[in-house]
Amino acid sequence: MPMHMGHHYQTVEEKRLAEDRHKKKYWRRWGPYLSERQWSTVREDYSGNGDAWSHFPHSHARMRAFRWGEDGLGGISDNHALMCMSFAFWNEKDEILKERAFGLTGHQGNHGEDVKEVYFYLDSTPTHSYMKYLYKYPQTAFPYDKLVAENAARDRNAQEYEITDTKIFDENRYWDIFIEYAKDEENEDEYYIRIAAYNRGPDKANLHIIPQMFFRNTWAWGVEPEEKKPGMKGEGEKVVHAKHHKLGDRYMQVSSSPGVSEDAPIIEPTLLFTDNDSNYKNLGWGENKTKYCKDAFHEFIVDKKEDVVNPDKEGTKAAAWYDFQDVPSGECVVVRLKFSNRVEDGDIDEEAFDNVIESRLAEADDFYWRISPMPMADDLRNIQRQALGGMMWNKQYYGFIWDQWANGDPTQPPPPEERKHVRNQAWKHLYIDDVLSMPDKWEYPFFAAWDTAFHCIPLAMIDPDFAKKQLDLLTREWYMHPSGQVPAYEWNFSDVNPPVHAWATFRTFKIERKMYGREDLDFLERMFQKLLLNFTWWVNRKDEGGHNIFEGGFLGLDNIGLFNRSEPLPTGGRLMQADGTSWMAFYCLSMLNIALELAKHRRTYEDIASKFFEHFLLISDAMTFKSTEGDTPLWNDEDGFYYDAISWGGPWQQQLPVRSLVGLMPLYAVLTLEPEVIDKFPSFKKRLEWFMENRSDVANRNIASMKKRGKGDRMLLALVDKDRLVKILERMLDENEFLSDYGIRSLSKYHKDHPYSMVVNGETFKVDYVPGDSNSGLFGGNSNWRGPIWLATTFLLIESLQRFYMYYGDTLKVECPKGSGEYMHLGHVAEEIQHRIQHIFAKDDEGRRACNAGNEMKDFDPYWSELVPFHEYFEADTGRGLGAEHQCGWTGLVAKLIHDTGMSCRLPKTPRTPSTAAAHYFDEVWGKAKRPMHSRRGTGRSIGNRSDNGDETDGDGDDAVSVRTNVGEGEERDSDHVMEQVTTQLGKLEADGTIADDDEYEAGLDL
């Protein structure tokens, strides 16, 4: 439970989390674990050439059974995706039933794969006791062909053609379809589900709403006994009874829906049944193996074929079909159903049903208020809530068993022999059957190792148990390679992602301790032991010369280099990577931090801490100073920057003077040692003093000496000394180089007018400043590290500046921005960058969000303006969102930034406010009103008359949302403690201008 000033407060949602943690109830068994896209994934690719995009296209998805998962719109499943529920819609204009999100494949998009739908993850609690999803469904025919053709006609220098560019949403001719889920107060296996569809258009319109319940096909492959095949059957006109040998009995119970107007007849649902098996005939593969197939509901509703659904009302897939005709403009239609392990007698009580949903929403409000009780702008609070909700919705079941995937199934034709050698042949041990945090469930419906590490920071704020589980899984023996390598991502598990998992482990541990008062040493020690294997893999595999200069290749940065870093250099030789070496120094310090934390409880870890302390210094020395063998350092003293270098052996080396994020990454490797920590561990202190005395040449170059203590009498370990730090920051804080209005560029703007190029064997290789979408095809061309802003790497820079501030304090101030005449200590610099990141999403004084790229509809239309997209990365000069649009993974880090500095964040495009003025302002705001408790009116049909797009308007109209201020005595006491916390934080802000907490970063004695 969140701690405020040493006090514990437990919301209803936290009680659920505790019950789940102690296995009293399994509140996480059901959740939003259904993917947005299972088609065209590597898991479903059984081709001989590894072309996953073409082997299982979108056109097959409605009629072809998936082998390894399922997908659907706004859906849920159990934690093994054995039973799923999703929704289909039809506007009577589309050529197909809308059962899943459409998008372009990697071959079709001018910047790679891209979803071409509009949907938003609005809300979710960690146990998924309350969830809300919005899908904007056009009322005219969906422009499938137009989206494909127009994007195909564009080259990489053009922006992507989006569905909003087709004008299909003009005149508001679309449906806002809200899907809400609420779990029963006591029964964790029971969901109340409400679909509310609003006709936003000017005319009457028709809409078919089809809730679907289906089993993942586990029976057609010959790996499961026939007697274990699940089934479902209709019981009366409104109940579907499903049986599964692992899940037991499940029911979908539907209800009548109110008519489309006050005097219109009630809408009764029609139950439909079929089997979740492939339609071989429609696929052109011969005769069907089952009479009723996966695409039966499409054929029945859209194509009007009557013999395609099972008249006996049984199968492995069922639906309830609601047909709403002539829904008036501005009106709403509502569908209510229950998905449970029990069935309710009689019809569903609408008022009681809606009260359950409203209660779960109120509990969600209470939970999120506890997470961020500090006063902040409503807009920032909305951004944070949607970011964290998106993190929860981006959980997905991921199933993959290498042996079955590689060798094929008994009942299926054997895959081509060459398929085994296309990809991932070294990962024979993989056996994955888990709910994982995905980067984006449409564009990246697979885990990516370093993405996961960053996900765990915002996840730890609201559900540290789930965050720890994600880190733990990646190091388990059925994931981690026997050599110690962590699997990267399904397109190439052997690719190398940056080693950020030790950092994420320690940060997750510290966040849980700070926010919830729990110290999970078992988790920390278990992770440390496995990370030792991974660290050894790095040392053995990525330091070819044994000189503590590391390679790594790709390292997640796609096209950042002059050459493709995953392939042999066209120049010959090997690439000595500033980022690879920086990551390993960072890894050393993260392991040192963990070892010191564990040494408080087991003194054996002092020796291991000494090992990482010394290893760090050797890496630092190799990276920065010329060795006796003549190796060129990666530091360029003339430019004041770090560069990659090509080595041909001996003295034949050449630096590549590209000013990129690679040269900023040495800042990541920084750690402060508290004097109390050093004194507490005599063995560690003795070894440290021995090293400094006997290896003084290395120690003096790379460490602030014991006699040269910093703020709080701390000692500093860092790759960069003060002079180099200042030189790097001079470039990083220059708005003509790295500093943007919206964060830190991944490539200096200097290269806009000064591209760097090299001619090798008649071919020209060039790096120039590209602030938006990629202009090259490296790694599919769907991401770009030659200019845009990425939250993950910027987040680490922010934390590094905070660590440097912990050492230097007010003694080091730098000009920020360069040329402004304003000098700040590094804590303020970190806060300034955090604010600039928040300005990507926050409304400016005109009401615009930079991420919306000036789109009038998204910025000002009341049905759009409160909806926040979380893109993969952002255009460096404008803040325009780029790449995956639902990348609530590492872009969800904005929730942590808002938590830390949202209280002092100014509006975009406005001058900085002195911290004392900000403190006074927020003190006034807090004194004026208590926490608003929202009570939303209306049950039955009146739900259609209330605002569901986040607006809160005063007045007596049906759109009004009341604010409850009559809190109870217990809530008054809680507010007093929260007020105490706020006062303390404001005092800290006023005193030193920063509210960063030292104890979040390093190993200290404040247990």
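Residues numbered from 1 in each chain as written. Predicted model: local features only at pLDDT ≥ 70, side-chain atom pairs only at ≥ 80, totals over all residues. Heavy atoms only, no water.

Before going further, it helps to examine the overall build of the protein chain. Scanning the protein chain from N- to C-terminus turns up 26 helices and 38 strands. Buried positions account for 65% of the 1007 residues belonging to the protein chain. (Helix = DSSP H or I, 4+ residues; strand = E, 2+ residues; numbered from the N terminus. Buried < 20%, exposed > 50% of the residue type's maximum accessible area, 1.4 Å probe, protein only.)

Quick look at the sheet that holds strand β3 (residues 30–31) now. Within the open sheet, the 6 strands sit side by side as β3-β4-β5-β12-β18-β16. Their pairing is antiparallel. Sheet topology places β3 and β16 (270–274) at the edges, where each strand pairs with a single neighbour. (Pairing = 2+ DSSP bridges.)

So, about the pattern of salt bridges. Evaluated as defined, the whole model comprises 77 salt bridges. Here E512 makes a salt bridge to K468, at a shortest N to O gap of 3.0 Å. Of this pair, E512 sits in helix α12 (residues 501–516) while K468 sits in helix α11 (residues 464–474), and the two are 44 residues apart along the sequence. Neither residue differs from the other here; E512 and K468 are each classed as buried. Where E737 meets R659, a salt bridge forms, and the shortest distance between an N and an O atom there is 3.0 Å. Residue E737 is located in the loop between α19 (722–732) and β29 (739–740), and its partner R659 is located in the loop between β26 (653–656) and β27 (670–673); the two are separated by 78 residues in the primary sequence. Each of R21, D465, K468, E512, R518 and D520 takes part in salt bridges that share partners, so that together they form one network. (Salt bridge = Lys/Arg side-chain N within 4 Å of Asp/Glu carboxyl O.)

With that settled, the discussion passes to helix α10 (residues 449–462). Look at α10: 21 Å from first C-alpha to last across 14 residues, which is about the 20 Å you get at 1.5 Å a residue. A maximum bend of about 35 degrees is found in α10 at C456, where proline P458 lies one to four positions downstream. Burial analysis of α10 places 14 of its 14 residues in the buried class, which makes it a mostly covered element. (Expected span 1.5 Å × (residues − 1). Bend = angle between axes of the 7 residues up to and from the residue.)

Mapped onto the elements, E490 comes out in the loop between α11 and α12. Side chain to side chain, E490 and R43 meet in a polar contact 2.8 Å long. (Polar contact = N/O pair within 3.5 Å; in protein donor to acceptor, adjacent residues only side chain to side chain.)

With that settled, the discussion passes to the pairing of strand β4 (residues 73–78). For β4, the tally of buried residues reaches 6 of 6 residues, placing the bulk of the element in the interior. Taken together, the 2 bridges between β3 and β4 define a ladder with antiparallel strand orientation. Paired with W30 across the bridge in β4 is D78. Relative to strand β5 (residues 83–90), β4 runs antiparallel, the two sharing 3 bridges. Across the sheet, residue S77 finds its bridge partner in β5, namely C84.

This next bit is on helix α4 (residues 144–152). An α-helix turns once every 3.6 residues. As a result, residues three or four positions apart point the same way. Among all positions in α4, only Y144, L147 and N151 are buried. Angular distribution of buried residues about the axis of α4 spans 75 degrees; they occupy a single face of the element. Set apart from the buried face of α4 by more than 90 degrees, the exposed residues are D145 and A152. Looking at the buried side of α4, the elements it contacts are α3 (58–61) and β6 (103–104). (Arc of directions from axis to C-beta. Contact = heavy atoms within 4.5 Å.)

On to the environment of R786, then. You can see R786 is positioned in the loop between β32 (763–767) and α21 (791–808). Residue classification places R786 among the buried positions, given a relative accessible area of 6%. Sequence-wise, R786 and V767 are 19 residues apart; in three dimensions their C-alpha atoms are separated by 7.6 Å.

Looking at where D295 falls in the secondary structure, it is placed in the loop between α5 (280–283) and α6 (296–301). No salt bridge is formed by the buried D295. Its closest oppositely charged neighbour is R62, at 5.2 Å. Side chain to side chain, D295 and N279 meet in a polar contact 3.0 Å long. There is a polar contact of 2.9 Å between the side chain of D295 and the side chain of N282. (Lys, Arg positive; Asp, Glu negative; His and termini not counted.)

This part is about the pairing of strand β10 (residues 174–183). Of all 10 residues in β10, 10 are buried, a share of seventy percent or more. As paired strands, strand β9 (residues 130–138) and β10 are joined by 9 bridges and run antiparallel to one another. Along β10, the bridge assignment pairs K136 with D176.

Let us now look at the nonpolar core. Counting residues in hydrophobic clusters, the biggest one holds 154 residues, and the most contacted among them are L592, M732 and F804. For this core, the leading source of residues is helix α14 (residues 578–599), giving 15 residues. Discounting chain neighbours no more than four positions away, the residues touching F804 are L667, V670, L716, A718, V720, L725, G809 and L826. Judged by nonpolar contacts, the second largest core, of 67 residues, contains W175, I210, V260 and V302. (Core = buried A, V, L, I, M, F, W, Y, C linked by side-chain atoms within 4.5 Å.)

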